[in-house]
Every structure is written in C-alpha cells, then in structure tokens.
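Given next are the chains, with one letter for each unit.
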Amino acid sequence: MGKGVRVVWVAALAGAGFVPALAHAQLNDPKPGQGAPQSASPSLDQPAGTATQQAVPIIPDKAFEDALPKLSDDINAPLEPLGGFQKPAQLPAAPTAPTAPVAAAPAGTQSQVPPIADEQGFAPAGPEAAEMLAPLPPLAAFKVEPVADTAEDDDKAPSIRYTTELVGLDALRLDDEFRSLSALQHGKGKAANAAMVSARAREDEKLALRLMKSLGYYDATASSSIAQNPPNSGNLRATITASPGKLYRLGSVRIDSDPTVPAGLLDRELNLNPGDPIQADRVLGAEANVSLRMPQQGYPFIELGQRDVVLDDATQTGDYTLPVTLGPRASFGQIQTAGQRQVFTPEHINIFRRYREGQVYDSRKVDDLRQALIATGLFSTVSVEPQRTGKAGPDGTEQVDLLVRQVAGKARTLAGELGYSTGQGIKAQASWAHRNLFPPEGALTVSSILGTQEQALTTTFRRSNAGKRDRTFLITASLNHQDYDAFEAFTSTLSARISRDSTPIWQKRWTYYYGAELVGSNEDRYNYSLGKRDRGTWLIAAIPTFLGYDTSDDLLNPTRGYRIKGNLSAETSVRGSVRPYARMMLEVDGYYPVTSSIVIAGRARVGSISGVARDELPPSRRYYGGGGGSVRGFGYQELGPRSPDDKPVGGRAFNEFGIEARYRFGNYGIVPFLDAGQVYEGTTPTGRNLRFGAGIGGRLYTNFGPLRIDVATPIARKKNESKIALYISIGQAF
C-alpha cells in the first residue's frame with residue numbers, strides 16, 4: 001500500500017507542477033484560440049520587476065514532506081511491511097493565487113474531464129467474470145492423457161537432418177558395435193532440433209568411452225562436435241572423435257583361494273596371464289569358465305567373489321585379484337526326494353543316473369539326470385540340487401546327496417490329428433492316454449483312426465525306463481479295417497516289443513527295437529490262377545527288428561546331419577501251408593544347409609522280400625509305392641504292377657528317391673521337390689522304369705513341428721493316373 005501511495009503522490013505532484021506552468025505559458029505567450037485576448041500583454045510603462053501574477057507554490061514544501069511516509073535512515077534495514085503504511089492525511093488546500101481573467105471557451109467545445117479515481121488513485125474495478133467466480137473442478141476430473149498428435153504424417157513435423165561421422169574406432173574394430181548401440185544411428189538422421197542432436201552426440205561420447213575401456217583402453221577420451229554440413233544449409237554433421245590412448249595389460253594375476261585337487265586347477269580354468277589385455281569380455285568369460293568347469297571337476301559349491309583390478313597409470317598395467325570360496329571337493333552320494341506330490345521314489349530315479357556312488361562329482365551328469373526326468377513328461381516342475389552331508393567320501397572328498405524336488409504334472413493327455421492325402425482321403429486320429437496309470441511310468445493309451453479308407457482301434461500298454469534307462473516295453477492290441485484299391489483287409493494284431501526310441505525332447509543317436517507279432521487278416525486279392533478277385537484269411541507270425549543311427553539336429557525339422565535306418569523282419573504266413581520269408585528295408589536321409597534359410601534334403605530307400613512268391617504273400621504284407629510318404633504326385637499305392645482289373649497288386653521289391661530345397665522365411669517356408677520310385681515284382685530293386693513326380697509345398701513352422709502342405713503331379717503321366725495329388729500332414733516328408 002505504501003508503494004502505491006508513493007506512486008499516486010508523485011503523479012499528483014507532477015501533474016500539479018505541470019498545470020500552472022502550462023497556464024503560465026499561455027498567459028505570457030497568448031495565441032488566438034487559447035482563451036486570451038490579442039492585447040493581453042504586460043504594459044510597457046509598468047515598473048521593471050513587477051508581474052501581473054505572483055508565483056505561489058501549489059503545495060508548500062513542509063506540507064509535502066509531512067505527507068511522505070517516514071523511512072528508516074539505515075539503508076541496510078529490512079523493508080517495512082506493506083500493512084505498516086498508513087493512509088496519508090488529506091493535504092491542506094493550496095493558497096489561491098490571483099489569476100488573470102480567462103476568456104470563455106468557444107462554443108461547441110467540451111472540457112476534457114478525467115475519470116474519477118478511487119482513494120488510491122485507481123479507477124473502480126468492473127464486475128468479475130462468472131467463470132472466475134465458479135468453483136474449481138476436482139483433480140480427478142482433469143484429463144491426464146497426452147494431447148494427441150494431430151500431425152497427419154511424421155514427415156510433415158518440423159525436423160532437421162543430420163549425418164554421423166565416427167573417427168578413431170576403426171582401428172579397434174568397434175565401428176559395427178558402436179553403430180548398433182549409437183543414439184545418433186538410432187535417430188536415423190532426423191531430429192526435432194539441434195539440441196536433440198547435441199544430446200545424442202553426448203550419449204555417444206559415453207558409449208565410445210565404454211567400448212574403448214571394455215578393450216583395456218582406460219585412458220581413452222572421446223569428444224563430439226556439431227557443425228552445419230555444408231555451411232548455412234541447415235543440415236548438421238555430428239562427429240564423434242575417439243582417442244584410445246595406450247592399452248592396459250594385466251600385471252599380476254592372483255587367485256585368493258584354498259588349494260585345489262589337483263593343484264593349479266583354478267589357474268588352469270581361469271586362464272588369465274600377465275601381459276594379457278584387460279578386456280572386459282575376456283575377464284568375464286574367464287570367470288564364467290571357472291564357475292562352469294569347477295563343478296564338473298568335483299567342486300559344486302564354488303563361489304566367486306568380487307574381482308579387484310588396481311590400475312597403474314605410469315606402467316599401463318593392472319593387478320588382478322579374484323577371491324574364491326572353493327567349498328569341499330565332493331563325490332556322489334544318494335538320491336533324496338522332496339515335494340508334496342512326488343512321482344518317483346529314489347529307487348526308480350536311480351535308474352536314470354549315469355554315475356556311480358563315490359564317483360567324483362560332475363555337474364554334467366546332474367544335468368543329464370534332470371533332462372531324463374523332464375523327458376518323462378510326468379512333472380510340472382522338477383529340480384536336482386546337490387546337498388552337503390558332512391560325511392566323508394573316498395579320496396578325501398565329502399559325500400554329496402542329490403535332492404530331487406518334484407511336483408507331479410497332469411498325467412492324462414487327449415490328442416488329435418487330422419490329415420488328408422490323395423489316395424488315402426481324410427484321416428482323423430484321436431487318442432487318450434494316462435502316462436502313469438501303472439506306476440512307475442506305466443502308461444495306457446487308447447487310440448482310434450477314422451478315415452475314408454481306414455478305421456482302427458488300438459490299445460497300448462507302455463512301460464518306459466523298464467528296469468533300465470531309455471528302455472521301453474510295449475504291448476499292443478488292435479483291430480483295423482483298410483479299404484484301398486490294392487486290397488481290402490480286416491486285421492487283428494497282438495504284438496510286443498522292447499525298444500529304445502527318440503522323442504522330441506530326448507533325441508538319441510542310436511535307436512532300436514525287437515519283438516514279436518501275431519496277425520490274423522482276412523483280405524481280398526486278385527487270384528491269377530482263377531483270373532478273378534477272391535478273399536482269403538492268413539495267420540502271420542513275425543519277429544521284427546529295427547536299428548537306426550541319427551546325427552540330425554532335430555527330430556521333426558532337421559537342417560543338418562544324416563539318418564540311417566534298417567528293418568529286418570523274419571515272418572511266416574499260414575494259409576493251408578507255412579510260407580517263411582524275410583522282409584528287409586534300408587533308408588538313408590541327409591540334410592545339408594546351403595545358407596541359414598535354405599536346406600537341401602535328400603532320401604534314398606530300398607526294400608526287398610525274399611523266400612516267398614508274390615501271390616502267396618498276403619496283400620497287406622507286400623510293398624507298394626506312391627503317396628505322401630513315398631513318391632509324391634501319385635496316389636497311394638498307385639505305382640508298380642497292376643492286375644488285369646487295373647488295380648495295384650504290389651511287389652516284393654521297391655526303390656524310392658527324393659530331393660527337396662527347403663527355403664524358410666520366418667515361420668513360413670516354400671519347398672520345391674522331386675521324387676522318383678518304382679515297385680517290382682521280383683526281389684531285386686533294379687532301378688528300371690523309374691517314375692517321377694514333381695511339386696511344391698508350403699510349410700507353417702509351429703512349436704510342435706512344421707505343418708506340411710504339398711501339391712504334386714506325375715511327370716509323363718499315364719492313363720488313369722492322378723493329375724494332381726495333395727498331401728497335408730505334420731512334419732517334413734522325410
């Protein structure tokens with residue numbers, strides 16, 4: 001309030017001083033139209049020094065000074081509060097000075113009267129707007145979403161262009177790594193303003209320093225500069241200049257630990273030596289190697305402390321110290337189990353292990369045990385952890401038990417599969433399984449096939465890891481009906497086998513099976529003796545065997561390696577008389593990656609049946625060719641000899657060849673292919689009269705294997721052969 005008073009009084013005084021002076025000028029220098037007569041001037045005979053008007057002050061000095069607020073004489077004193085100022089008393093009226101007569105204003109003019117001010121000298125305020133008087137809305141009502149960008153295109157938003165230049169990192173081969181992490185590079189040469197370019201350049205300075213120090217250049221420097229390129233163009237060039245300085249090397253390497261057995265084991269696995277560059281990836285890799293390799297050599301409880309590297313600027317060396325808590329040297333003890341819903345007892349878990357009690361601890365064998373347990377598919381979670389016992393083991397070791405924590409998973413499975421191929425039509429398969437109905441690992445599976453040309457019902461009992469790891473005991477009983485051009489058969493089968501099989505989780509190098517099979521089948525055939533088709537019933541006994549060797553990298557979608565498979569089955573068929581014979585088949589598959597996205601796959605398969613005439617064989621035991629798993633382009637069983645009624649009769653020998661170029665892009669693939677093959681009446685696959693089919697396929701790669709769709713056509717097609725063949729299934733053709 002005091003300040004306002006000062007302003008008002010100064011303005012009033014300035015105005016008061018201005019008005020008399022103006023009036024004085026008008027009277028002493030009158031002009032027409034200013035309200036003074038033309039003759040109004042001092043008289044020439046008036047005595048010198050006499051004036052017509054006496055100058056009298058409007059406000060006396062004493063009154064003016066009394067009206068001013070009293071201020072402290074101390075210039076360092078704090079200001080007085082505004083509330084302390086008092087409204088000045090009304091000034092005394094100035095004495096009235098005699099004035100000369102003023103002429104009246106001309107007609108039609110108005111005197112300019114200023115608006116009346118309030119006591120402080122301000123004009124009265126008008127009424128406040130209704131919006132200002134309304135209450136504020138609650139905070140929850142405010143919208144906190146960012147304002148949407150109304151720009152139609154980012155390219156229309158104001159921006160500048162810039163280029164990035166890197167100097168000094170090429171000698172260290174850090175250019176590619178720098179550019180992959182660079183803020184300037186990630187900006188793609190566009191920024192809203194120069195400040196943003198400068199900020200990105202400063203981040204890249206720090207990046208260049210980190211990269212150089214990671215290689216051992218601890219005296220490295222980096223700087224950035226921004227300049228217009230070309231000058232006055234508005235385009236910028238950001239330059240990052242790096243100077244590595246001298247390379248720091250290891251001075252001394254010391255491991256602070258208890259002695260190992262054998263001696264020097266830690267030094268050997270760390271493999272850091274004086275004179276080596278102090279490179280971050282090398283040091284971290286060496287420490288990781290210690291953490292990995294020591295548990296493989298009897299030290300499961302090893303712990304690495306925080307490394308210490310002391311740098312010497314004068315010699316550009318660093319002394320390295322690594323504290324290690326070694327823990328006891330251990331040997332394998334017993335199996336312990338834990339968990340509320342346990343699946344296996346320790347006795348059954350012992351079947352999976354590939355070590356002996358008392359053997360020096362090796363973490364690779366622990367990982368192998370864990371993988372074998374996972375492969376059973378009976379756990380929701382399972383872990384294997386070493387546990388100290390404090391018991392003495394052989395050779396100065398401590399016995400370490402393995403604690404298997406297990407939680408049972410869902411044992412029941414319901415699965416289905418749907419496929420289609422020309423010649424076989426639609427085939428739907430469904431199965432129900434309880435994987436541990438007869439513990440341990442005794443599974444019961446009931447499956448069925450419902451198709452246009454095949455129907456089947458099968459019950460299977462399977463005992464996995466039967467007395468030995470990876471050994472499976474299988475008993476199968478099935479009823480089957482097949483109705484194809486070659487034959488129609490009603491078959492019942494009872495079989496048993498012992499096998500070692502690959503699974504998608506646990507793919508094995510060597511696989512095998514051997515067993516026994518008893519088959520009763522009622523089938524129709526073309527009887528060449530009678531010149532017509534008739535039906536017959538056969539009883540077949542067989543001892544099938546299989547041996548396979550697999551170096552491929554994947555069971556359902558291999559990209560490298562090869563597979564060799566061989567089948568041999570000693571059989572006899574009884575229909576009036578006993579007819580012993582042997583069925584043999586050999587297959588070789590190979591996979592070669594041309595690039596990361598193209599794989600060349602090839603297959604060759606031959607088979608032979610010896611010891612029996614073709615017409616004495618049941619039609620379902622003969623060889624046939626054509627179809628999705630054979631020579632694509634031809635219908636199922638379409639290749640080979642045909643009967644007088646133009647139906648396939650099968651043969652005792654066959655050969656098949658196939659080649660594919662599997663091109664994959666993302667989760668999709670295109671596969672052009674060429675197949676060849678033939679079926680022969682004799683026992684030798686001679687390779688004569690080969691038939692070819694060509695086509696193209698599509699692949700959809702899923703987490704359970706590729707979905708295959710192939711379309712093919714015969715080359716040099718003959719009468720009544722398929723024009724186009726379509727195959728849909730899961731997995732590659734071979």
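Residues numbered from 1 in each chain as written. Predicted model: local features only at pLDDT ≥ 70, side-chain atom pairs only at ≥ 80, totals over all residues. Heavy atoms only, no water.

Caption draft 1: Examining the overall build of the protein chain more closely. Along the backbone of the protein chain there are 10 helices and 27 strands. The buried share among the 734 residues of the protein chain stands at 34%. Long-range contacts, defined as pairs at least 24 residues apart, comprise 58% of the intrachain contacts of the protein chain with a sequence gap of at least 6. When the accessible surface of the protein chain is split by element, carbon and sulfur atoms take 57% of a total near 42,600 Å². (Helix = DSSP H or I, 4+ residues; strand = E, 2+ residues; numbered from the N terminus. Buried < 20%, exposed > 50% of the residue type's maximum accessible area, 1.4 Å probe, protein only. Contact = heavy atoms within 4.5 Å. Areas by Shrake-Rupley, 256 points an atom, 1.4 Å probe, with all protein chains shown as cover.)

Caption draft 2: Looking closely at the sheet that holds strand β10 (residues 379-392). The three strands lie next to each other as β9-β11-β10, forming an open sheet whose pairing is mixed. Two strands in the sheet have a free side with no partner beyond their single neighbour: β9 (330-338) and β10. Between one strand axis and the next, the sheet turns through 25 degrees on average, direction left out of account. Judged from the 10 bridges that link them, β10 and strand β11 (residues 398-408) form a sheet pairing that is antiparallel. Bridge pairing in β11 links Val 384 to Val 404. Against the sheet, helix α10 (residues 363-375) engages β9, β10 and β11, with an angle of about 150 degrees to β10. (Pairing = 2+ DSSP bridges. Axes fitted to C-alpha atoms, helices over the stretch in contact; angles between N-to-C directions.)

Caption draft 3: Structural view of the nonpolar core. Ranked by size, the top nonpolar core spans 22 residues in total, and within it Leu 169, Phe 178 and Met 212 carry the most contacts. Counting residues per element, the ones that place at least two in this core are β1 (160-167), α6 (194-214) and β4 (236-243). Excluding anything up to four places from it in sequence, Met 212 contacts Leu 169, Leu 172, Leu 174, Tyr 217, Ala 220, Thr 221, Ala 222, Ala 242, Ser 243 and Pro 244. Ranked by size, the runner-up nonpolar core spans 21 residues in total, among them Ile 349, Ala 372, Val 404 and Ala 408. (Core = buried A, V, L, I, M, F, W, Y, C linked by side-chain atoms within 4.5 Å.)

Caption draft 4: Seen up close, the sheet that holds strand β3 (residues 221-228). Sheet architecture is open: four strands sit in the order β2-β1-β4-β3, paired in mixed fashion. In this open sheet, the two edge strands, each paired with only one partner strand, are β2 (190-191) and β3. In the sheet, β1 pairs with β2 via two bridges, with the strands oriented antiparallel. Across the sheet, residue Ile 160 finds its bridge partner in β2, namely Ala 191. Set on the sheet, α6 makes contact with β1, β2, β3 and β4; between it and β3 the angle comes to about 155 degrees.

Caption draft 5: Broad picture of a negative patch on the surface. On the surface, a cluster of negative charge is made up of Asp 219, Asp 312, Asp 313 and Asp 319. A residue is classified by how much of its surface remains accessible, and Asp 319, at 35% relative accessible area, is partly exposed. (Patch = residues over 30% accessible without salt bridge, like charges linked within 9 Å, V, L, I, M, F, W, Y side chains within 5 Å. Salt bridge = Lys/Arg side-chain N within 4 Å of Asp/Glu carboxyl O. Lys, Arg positive; Asp, Glu negative; His and termini not counted. Charge placed at Lys NZ, Arg CZ, Asp CG, Glu CD.)

Caption draft 6: Looking closely at the side chain of Asp 550. Note on placement: Asp 550 falls in strand β19 (residues 532-550). Classification of Asp 550 by relative accessible area gives buried; the value is 11%. Side-chain polar atoms of Asp 550 contact the side chain of Gln 507, separated by 2.9 Å. Here Ser 552 takes part through its side chain, which lies 2.6 Å from a polar atom of the side chain of Asp 550. (Polar contact = N/O pair within 3.5 Å; in protein donor to acceptor, adjacent residues only side chain to side chain.)

Caption draft 7: Layout of α6. The end-to-end C-alpha distance of α6 is 30 Å, a good match for the 30 Å that 21 residues give at a rise of 1.5 Å each. Among the residues of α6, those classed as buried are Val 197, Arg 200, Ala 201, Asp 204, Glu 205, Leu 207, Ala 208, Leu 211 and Met 212. For α6, the capping residue at the N-terminal end is Asn 193, with a side-chain oxygen 3.2 Å from the backbone nitrogen of Ala 195. Directly beyond the C-terminal end of α6, a positive phi value near 105 degrees is found at Gly 216. (Expected span 1.5 Å × (residues − 1).)

Caption draft 8: Region of interest: the confidence of the model for the protein chain. A residue-level look at the protein chain finds 80% of positions with pLDDT of 70 or above and a mean pLDDT of 83. No element of the protein chain has a lower mean pLDDT than helix α1 (residues 2-28), which averages 33, and none a higher one than strand β8 (residues 317-325), which averages 97. In this model, residues 1-54 is a region of pLDDT below 50 whose contacts with residues beyond four sequence positions or in other chains number 35 contacts. In the predicted structure, residues 147-154 sits below a pLDDT of 50 and forms one contact with residues beyond four places in sequence or in another chain. (pLDDT = per-residue confidence, 0-100.)

Caption draft 9: Geometry of a nonpolar patch on the surface. Together, Tyr 663, Phe 665, Tyr 668, Ile 670, Ile 696, Leu 700, Phe 704, Leu 707, Ile 709 and Ile 730 line one region of the surface with nonpolar side chains, adding up to about 880 Å² of accessible area. Elements supplying a minimum of two residues to the nonpolar patch: β23 (653-665), β24 (668-680), β25 (691-702) and β26 (705-714). Residue placement: Leu 700 occurs in strand β25.

Caption draft 10: Layout of helix α8 (residues 280-293). If you check α8, its first and last C-alpha atoms are 20 Å apart, about what 14 residues at 1.5 Å a residue would give, namely 20 Å. All buried positions along α8 are accounted for by Val 283, Ala 286, Glu 287 and Val 290. Viewed along the axis of α8, the buried residues span an arc of 90 degrees, placing them on a single side of the element. Packed against the buried residues of α8 are α7 (265-270), β6 (303-304) and β8. (Arc of directions from axis to C-beta.)

Caption draft 11: Structural context of unusual backbone geometry. Cis peptide bonds are those with omega within 30 degrees of zero, and the linkage from Val 261 to Pro 262 qualifies with 0 degrees. Examined against the element boundaries, Pro 262 turns out to sit in the loop between β5 (249-256) and α7. The linkage connecting Pro 439 with the following residue, Pro 440, adopts the cis geometry, with an omega of -5 degrees. Position of Pro 440 among the secondary structure elements: in the loop between β13 (425-434) and β14 (442-451). Positive phi outside glycine occurs at Asp 395, with the angle close to 60 degrees. Of the residues examined, Asp 395 reaches a relative accessible area of 71% and is grouped as exposed. With phi around 55 degrees, Ala 716 is a residue other than glycine that occupies positive phi space.

Caption draft 12: Spatial organisation of the pattern of salt bridges. Counted under the stated rule, the structure contains 40 salt bridges. Two residues, Arg 632 and Asp 675, come together in a salt bridge whose shortest N-O distance is 2.7 Å. In this pair, Arg 632 sits in the loop between β22 (598-610) and β23 while Asp 675 sits in strand β24, placing the two residues 43 residues apart along the sequence. Of the residues examined, Arg 632 reaches a relative accessible area of 1% and is grouped as buried. Ionic contacts of the salt-bridge type, sharing partners, join the residues Arg 632, Glu 660, Arg 662, Asp 675, Arg 699, Arg 708 and Asp 710 into one network.

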